[in-house]
Amino acid sequence: MIKFASLKLAGLALALSAGAALAGPGAAGHHDGEVAYGKPGDPKKPARLVQISMGERDGKMQFIPDRIEIRRGEQVKFQLRNNGELDHELVLATLEENLKHAIEMQKNPDMEHDDPNAKRLAPKKTGEIVWAFTKAGEFDFSCLIPGHREAGMTGKVIVK
């Protein structure tokens, strides 16, 4: 009985710590202003539509497409669709921020993202991210669910 109580307590502590980490990578969840890779878009303004599918195939996890070129100043509406059998997410950030946040996700694998720059989707579900790319550079998008990035779920946004 004592072991069960200890397990319950440990589970509660883990759930509470995961809840505190739901804000996302780096400044995710706090994007009232501009970050290195842009700012949240305005859904009322025109946006270029980019469809991205997520899923598993031939033992790999992937985004299609996994490379997107955008003009600086362009607003993009990413239409996301999880065609896979597992949960997947798209987290848009700098490569450094995503790699750092991937470590946090190892500690809190049930962390879910629903931030201006990130969306987690259950199998066969859809979602969207509207983002304004205000600065030139190369930026990362990854699925940070433990093991997914390592299995190939990463892509690049090139802003010219």
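Computed from a prediction, not measured in an experiment: that's the story for all the values here.

Participant: Hey, could you run me through the pattern of salt bridges in this one?
Facilitator: Side-chain pairing between opposite charges can occur once the charged atoms of the two side chains come close. Under the criterion given, the structure shown has ten salt bridges. The salt bridge partner of E74 is R48, with a shortest N-O separation of 3.4 Å. Highlighted residues: E74 in the loop between strand 4 (67-70) and strand 5 (75-82) and R48 in strand 2 (residues 48-57), separated in sequence by 26 residues. Given a relative accessible area of 9%, E74 falls into the buried group. As a salt-bridge pair, E74 and R71 come within 3.9 Å of each other at their nearest N and O atoms. Connected via shared salt-bridge partners are R48, R71 and E74.

Participant: Which parts of the structure should I look at to understand the sheet that holds strand 8 (residues 118-121)?
Facilitator: Across a sheet, strands are paired by hydrogen bonds formed along the backbone, either parallel or antiparallel in direction. Strand order in this open sheet of six strands is 4-11-10-6-8-7, and the pairing throughout is mixed. Lying at the two open borders of the sheet, with one neighbouring strand each, are strand 4 and strand 7 (114-115). Where strand 4 meets strand 11 (residues 154-159), four bridges bridge the pair, whose relative direction is parallel. Counterpart to I70 in the pairing with strand 11 is V159. Packing of helix 2 (residues 95-107) onto the sheet brings it into contact with strand 6 (88-93), strand 8 and strand 10 (137-142), and relative to strand 6 it is tilted by some 140 degrees.

Participant: Sorry if this is basic, but what is going on with the sheet that holds strand 3 (residues 60-64) here?
Facilitator: If you walk across this open sheet you meet the five strands as 1-9-5-2-3, and the pairing is mixed. Single-partner strands in this sheet number two, and they are strand 1 (39-40) and strand 3.

Participant: Quick question: what am I supposed to make of the packing of aromatic side chains here?
Facilitator: Geometrically, a pair of aromatic rings is defined through the distance of the ring centres and the angle of the planes. For the coordinates displayed, the defined rule picks out four aromatic pairs. Measuring from ring centre to ring centre gives 5.4 Å for Y37 and W131, while their planes differ by 20 degrees; the resulting arrangement is stacked. In this pair, Y37 sits in the loop between helix 1 (2-20) and strand 1 while W131 sits in strand 9 (residues 126-132), placing the two residues 94 residues apart along the sequence. The exposure class of W131 is buried, given its relative accessible area of 0%. Relative to F141, the ring of F63 has its centre 5.1 Å away and its plane inclined at 70 degrees; by these criteria the two rings are edge-to-face.

Participant: For this particular structure, what's the right way to read the environment of H88?
Facilitator: The topology assignment puts H88 in strand 6. When sequence neighbours within four positions are dropped, the list of residues in contact with H88 reads M54, G55, E56, M61, N82, K119, R120, L121, C143, I145, H148 and M153. Within the structure, H88 has its side chain in polar contact with the side chain of E56 (distance 2.6 Å). Side chain to side chain, H88 and H148 meet in a polar contact 3.0 Å long.

Calculation criteria
Residues numbered from 1 in each chain as written. Predicted model: local features only at pLDDT ≥ 70, side-chain atom pairs only at ≥ 80, totals over all residues. Heavy atoms only, no water. Salt bridge = Lys/Arg side-chain N within 4 Å of Asp/Glu carboxyl O. Helix = DSSP H or I, 4+ residues; strand = E, 2+ residues; numbered from the N terminus. Buried < 20%, exposed > 50% of the residue type's maximum accessible area, 1.4 Å probe, protein only. Pairing = 2+ DSSP bridges. Contact = heavy atoms within 4.5 Å. Axes fitted to C-alpha atoms, helices over the stretch in contact; angles between N-to-C directions. Phe/Tyr/Trp six-rings, centres within 6.5 Å; stacked < 30°, edge-to-face > 60°. Polar contact = N/O pair within 3.5 Å; in protein donor to acceptor, adjacent residues only side chain to side chain.

Geometry only, nothing functional implied.
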